[in-house]
Amino acid sequence: MNKTLILVVEDDLAIRNLITTTLKTHDYKFLTAQNGSEAIMEASSHNPDIILLDLGLPDIDGVEVIKQIRSWSNTPIIVISARSEDTDKIEALDNGADDYLTKPFSVEELLARLRVTTRRLAMMQTDIFANQSVFINGKLKVDYVAGCAYLCDDELHLTPTEYKLLCLLCKNVGRVLTYTYITENVWGSNWNNDLASLRVFMATLRKKLESLPDSPQYIQTHIGVGYRMLRVE
């Protein structure tokens, strides 16, 4: 079973070390960021399973970090902050945080919050695989079990790489997937030639998928960032 990857966003060295030591001791993988800009970059590059976020960051307020991450990701965000007023908690939760832990906090409480969140993630994944052996989005249908994709009930003749790309986008529908994330999941690496290959394969996939390439219905390009499978009503 893959270890849960947690992004720790905290500018206070002592607290950051406390959190990362706790995570390491309890067999979590982790990344760290010391400010909001780093947090956004790490979140977009590595798609962590959970984000632990301090609000009082030196460059960008933590609530703004939540807003930006929520524009392209549903990753659970647990706020860990010295701000204890109800208004601060409400603002963070209203803007997309999933949980709020007030400093000073106990290690046991942090671990308990993480266990609850990881259980919820596991249940969501189970539901996805149980209910989505067939993915349907508008006129697009992907049968993961059969390894086939259809558009308007006509089978799409995809290369293995095109099919792999399509499945990755479908399983993350609504999320912007960065170039790094896609190349690492499709090719297992992130070299410049992988990025060039990605652009070629994405262009050929689009030709087979989009009736109007200039007005894409399914795959949206985020220039300089990556691609997203749009949810079609």
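These numbers were taken from a predicted model, which means no experiment stands behind them.

(A) Molecular detail of the sheet that holds strand β5 (residues 99-102). One open sheet holds the five strands; their spatial order is β2-β1-β3-β4-β5, and the pairing between them is parallel. Of all the strands in the sheet, just β2 (29-33) and β5 have a single pairing partner and so form its edges. Sheet twist, expressed as the average angle between the axes of neighbouring strands with direction ignored, equals 20°. The pairing of strand β4 (residues 77-81) with β5 spans four bridges and is parallel. Across the sheet, residue I80 finds its bridge partner in β5, namely L101. Packed on one face of the sheet, helix α2 (residues 36-46) meets β1 (5-9), β2 and β3 (50-53) and runs near 145° to β2.

(B) Geometry of the environment of I51. As for its placement among the helices and strands, I51 is situated in strand β3. With 16 residues separating them along the chain, I51 and N35 place their C-alpha atoms 13 Å apart. With residues near it in sequence (within four places) discarded, I51 still touches L7, V9, A43, I69, T75, P76, I77 and I78.

(C) Local environment of α2. For α2, every residue scored as buried is listed here: G36, A39, I40, E42, A43, S44 and S45. The opening residue of α2, the one whose side-chain oxygen lies 3.2 Å from the backbone nitrogen of S37, is N35. Among the residues trailing α2, N47 stands out with phi positive, at a value near 45°.

(D) Main features of the side chain of R113. By the element assignment, R113 lies in helix α5 (residues 107-131). A distance of 2.8 Å separates polar atoms of two side chains, one belonging to R113 and the other to D99. When neighbours within four sequence positions are excluded, R113 is seen to be in contact with I78, D99, Y100 and L101.

(E) Here's a closer look at the side chain of N172. For N172, the position within the fold is in the loop between α6 (160-170) and β10 (176-178). Judged by its relative accessible area of 10%, N172 falls in the buried class.

(F) Spatial organisation of the sheet that holds strand β6 (residues 134-137). In spatial order, the strands read β6-β7-β8-β9; together these four strands make up an open sheet with antiparallel pairing. A strand with exactly one partner marks an edge of an open sheet, and here the two such strands are β6 and β9 (154-155). Looking at chain direction, strand β8 (residues 148-151) and β9 are connected through two bridges and run antiparallel. Bridge assignment links L151 to a residue of β9, and that residue is D154.

(G) Structural detail: unusual backbone geometry. With an omega dihedral of -5°, the bond running from K103 to P104 counts as a cis peptide bond. Among the structural elements, P104 can be located in the loop between β5 and α5. The backbone of D27 sits at a positive phi, close to 70°, despite the residue not being glycine. Considering the arrangement of structural elements, one finds D27 in the loop between α1 (13-25) and β2. Judged by its relative accessible area of 46%, D27 is partly exposed. Although it is not a glycine, C152 adopts a positive phi angle of roughly 55°. Inspection of the secondary structure puts C152 in the loop between β8 and β9.

(H) View of the state of the cysteines. For the structure shown, the criterion picks out zero disulfides. Looking at the unpaired C152, the closest cysteine sulfur is the one in C170, lying at 15 Å. C152 gets classed as partly exposed once you look at its relative accessible area, which sits at 44%. Cysteine C170 shares no disulfide, and the gap to the nearest cysteine sulfur, in C167, comes to 6.4 Å. Since its relative accessible area comes to 1%, C170 is described here as buried.

Parameters and conventions
Residues numbered from 1 in each chain as written. Predicted model: local features only at pLDDT ≥ 70, side-chain atom pairs only at ≥ 80, totals over all residues. Heavy atoms only, no water. Pairing = 2+ DSSP bridges. Helix = DSSP H or I, 4+ residues; strand = E, 2+ residues; numbered from the N terminus. Axes fitted to C-alpha atoms, helices over the stretch in contact; angles between N-to-C directions. Contact = heavy atoms within 4.5 Å. Buried < 20%, exposed > 50% of the residue type's maximum accessible area, 1.4 Å probe, protein only. Polar contact = N/O pair within 3.5 Å; in protein donor to acceptor, adjacent residues only side chain to side chain. Disulfide = S-S within 2.5 Å.

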